[in-house]
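Spelled out, the chains give:
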Amino acid sequence: MKILFKISIVLSLFSALLFTSGFSTSNDNIQFIKTNWVENSEGVIIVNSHKELLEYYNVNLKKFSLGPREKIASDSTIGFANAIEKYDEEYFKNSSIIIVILEENSGSYRHKYDGYSVNKIGTLTVSIKTTCDSDYATCDMAGWHVIIETNKLDNIKETKLCKTGLHQ
């Protein structure tokens, strides 16, 4: 029985290595932006052009309150509109951005980007860890947009979000 268990662990690890073709954990170009909470909106979106980014912004402006902020919010985040100003047509020639939309049951929660992977069949999985710096959390719903800068991502067929930390 122990041998079967060990074999299954080895096969699982081998499969993970075999099917993963890329992995990024750089935190250099990540922005966490607190936005409105919208039920059942959690997910991952890949943006490959300035036009796609503007379409996302215009469609979701009111829904998520994506407009600019004149002052930095108490949670130290700028507005979504402020965050995307630097992404022009030139940026998208060789790069993409990944937008992760998070739903949280507390405005006290914060996040850590753990990286993303792309397997050989074109599934991109983004890993985000949810944390709370306090012993107590507020009981308000919170929404977040995470913007991740990356090299061009053209052949992605599916996206997934893997949340860890308080969600385990």
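Residues numbered from 1 in each chain as written. Predicted model: local features only at pLDDT ≥ 70, side-chain atom pairs only at ≥ 80, totals over all residues. Heavy atoms only, no water.

Draft legend 1. Looking closely at the overall build of the protein chain. Each helix and strand in the protein chain was counted, giving three helices and eight strands. Seen in sequence order, the protein chain has helices and strands lined up from the N terminus as α-β-β-β-α-α-β-β-β-β-β. Partitioning the contacts of the protein chain with sequence separation of at least 6, the portion at a separation of at least 24 is 80%. Summed over its atoms, the accessible surface of the protein chain is roughly 10,300 Å², and 53% of this surface lies on carbon and sulfur atoms. (Helix = DSSP H or I, 4+ residues; strand = E, 2+ residues; numbered from the N terminus. Contact = heavy atoms within 4.5 Å. Areas by Shrake-Rupley, 256 points an atom, 1.4 Å probe, with all protein chains shown as cover.)

Draft legend 2. Expanded view of the pairing of strand S7 (residues 142–151). Counting buried positions along S7 gives nine out of ten residues, so the element sits mostly inside the fold. Where strand S4 (residues 95–104) and S7 come together, ten bridges link them in antiparallel fashion. Paired with Leu-102 across the strands is Trp-144, a residue of S7. (Buried < 20%, exposed > 50% of the residue type's maximum accessible area, 1.4 Å probe, protein only. Pairing = 2+ DSSP bridges.)

Draft legend 3. Quick look at the packing of aromatic side chains. Scanning all chains against the criterion turns up five aromatic pairs. Taken together, a centroid distance of 6.2 Å and an interplanar angle of 55° make the contact between Tyr-56 and Phe-80 tilted. Here Tyr-56 is found in helix H2 (residues 50–64), whereas its partner Phe-80 is found in helix H3 (residues 80–84), with 24 residues between them in sequence. Ring geometry for Tyr-91 versus Phe-92: centroids 5.1 Å apart, planes at 90°, classification edge-to-face. Each member of the pair, Tyr-91 together with Phe-92, is buried. Taken together, the ring pairs connect Tyr-56, Tyr-57 and Phe-80 into an aromatic cluster. (Phe/Tyr/Trp six-rings, centres within 6.5 Å; stacked < 30°, edge-to-face > 60°.)

Draft legend 4. Layout of the nonpolar core. Of all hydrophobic cores here, the largest spans 19 residues; its most connected members are Leu-53, Phe-80, Tyr-87, Ile-97, Ile-99 and Ile-147. Among all residues touching Ile-97, those that are not within four sequence positions of it are Ile-45, Ile-46, Val-47, Leu-53, Tyr-87, Tyr-91, Phe-92, Ile-147, Ile-148 and Glu-149. Grouped together as the second largest cluster of nonpolar side chains are 17 residues, Ile-98, Val-100, Val-118 and Val-146 included. (Core = buried A, V, L, I, M, F, W, Y, C linked by side-chain atoms within 4.5 Å.)

Draft legend 5. How the structure looks around the pairing of strand S3 (residues 43–47). Here S3 lies mainly inside the structure; four of its five residues are buried. For S3 and S4, the ladder comprises five bridges, and the chain directions are antiparallel. Residue pairing across strands places Val-44 opposite Val-100, the latter belonging to S4.

Draft legend 6. Geometry of the pattern of salt bridges. Considering all chains together, one arrives at five salt bridges under this definition. The salt bridge partner of Glu-149 is Lys-86, with a shortest N-O separation of 2.8 Å. In this pair, Glu-149 is assigned in strand S7 and Lys-86 in the loop between H3 and S4, connecting sequence segments 63 residues apart. What makes Lys-86 partly exposed here is its relative accessible area of 49%. In the salt-bridge network here, residues are joined through shared partners; they are Glu-42, Glu-104 and Lys-163. (Salt bridge = Lys/Arg side-chain N within 4 Å of Asp/Glu carboxyl O.)

Draft legend 7. A look at H2. With 15 residues, H2 extends 19 Å from end C-alpha to end C-alpha; this agrees with the ideal 21 Å at 1.5 Å per step. Where H2 bends most, at Asn-58, the angle is about 35°. Taken together, the buried positions of H2 are Leu-53, Tyr-56, Tyr-57, Asn-60 and Phe-64. Where H2 is buried, its residues contact strand S2 (30–35), S3, H3, S4 and S7. At the C-terminal side of H2, Ser-65 shows a positive phi close to 55°. (Expected span 1.5 Å × (residues − 1). Bend = angle between axes of the 7 residues up to and from the residue.)

Draft legend 8. Structural context of the confidence of the model for the protein chain. When pLDDT is averaged along the protein chain, the result is 83; 80% of the residues meet or exceed 70. Summarising per-element confidence for the protein chain, the mean pLDDT is lowest in helix H1 (residues 2–19) (42) and highest in S3 (98). In the model, residues 4–27 has pLDDT below 50 throughout and makes 26 contacts with residues more than four positions away in sequence or in other chains. (pLDDT = per-residue confidence, 0-100.)

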